[in-house]
Amino acid sequence: MTDDNSVAFPAGQSGLIVRIPEAELAVRAWRERLDPSARAGVPAHVTVLFPFLDASRIDEAACAAIGEVVGRHRTFETRFGHCGRFPGILYVVPEPAAPFRRLTEAIADRWPETPPFGGRFDELVPHLTVAQGQDDAVLAQAEADLQSRLPITAHVSTVDLMVHDGTRWQRKASFSLR
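Residues numbered from 1 in each chain as written. Predicted model: local features only at pLDDT ≥ 70, side-chain atom pairs only at ≥ 80, totals over all residues. Heavy atoms only, no water.

Read from one edge of the open sheet, 4 strands run β2-β1-β7-β8, paired in antiparallel fashion. In the strand order of this sheet, the two ends are held by β2 (45–49) and β8 (169–176), each with one partner. When strand polarity is set aside, the average angle formed by the axes of neighbouring strands in this sheet is 35°. In this sheet, β8 lies alongside strand β7 (residues 158–164) in antiparallel orientation, the contact comprising 7 bridges. Its bridge partner being in β8, V163 is matched across the sheet by Q170. Each of β1 (14–19), β7 and β8 is contacted by helix α3 (residues 60–71), which is oriented at about 55° to β8, the strand it contacts most. (Pairing = 2+ DSSP bridges. Helix = DSSP H or I, 4+ residues; strand = E, 2+ residues; numbered from the N terminus. Axes fitted to C-alpha atoms, helices over the stretch in contact; angles between N-to-C directions. Contact = heavy atoms within 4.5 Å.)

Dropping the structure here:
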């Protein structure tokens, strides 16, 4: 859920993700080795919104509102057929990306105080991070291996609320798409 492996998450930090269990077999070993969020308990995923509200602000009413926003969106199929890169980061690309963007935009519109990635990026690029904070040689090795494991097809039907307990990320709630 982060793009910077030097970040230490405070207890109470939260984020919304779409878990992609269909990708675990292909990406788990690389993520465990090269993605700090995997070692902290975050499954293979596409981020919907991070950072989100502090856990102290997530009550029954907030969960109902998240469920209402997520529930406006239909379930969909996605395919991860190739890799992409940001500086120091390797990811697999979901296609189509538009349903992920729409989820992010809807949540960010409802909670404008929580822009995607803290407002650090101009463009919203849905992705499943495999490695971060690595040099190009390591990313190339992981990418070559991943290419032989793609494509991966996934059915998206839920958005999970993840909360950091000070040590690990835990799933607090799950919200269904319609």
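Still more ground to cover, so stick around.
Where strands meet in a sheet, backbone hydrogen bonds hold them as pairs that are either parallel or antiparallel. Read across the sheet, 4 strands follow the order β5-β4-β3-β6 without closing on themselves; strand pairing throughout is antiparallel. Among the strands making up the open sheet, the edge pair consists of β5 (128–132) and β6 (152–156). For this sheet, the mean inter-axis angle between neighbouring strands, taken without regard to orientation, is 30°. Sheet topology places strand β3 (residues 76–86) next to strand β4 (residues 89–95); 6 bridges connect them, and they run antiparallel. Along β4, the bridge assignment pairs C83 with V92. Set on the sheet, helix α1 (residues 24–34) makes contact with β5 and β6; between it and β5 the angle comes to about 40°. Docked against the sheet, helix α4 (residues 98–110) engages β3, β4 and β6, running at close to 90° with respect to β3.

Turning to the packing of aromatic side chains, a few remarks are in order. Describing an aromatic ring pair means giving the distance of the ring centres and the angle of the ring planes. Counted according to the given criterion, the structure contains 7 aromatic pairs. Taking 5.9 Å as the distance between ring centres and 75° as the angle between the ring planes, the aromatic pair formed by F117 and F121 counts as edge-to-face. Grouped by ring-pair contacts, the aromatic residues F9, F50 and W169 constitute a single cluster. (Phe/Tyr/Trp six-rings, centres within 6.5 Å; stacked < 30°, edge-to-face > 60°.)

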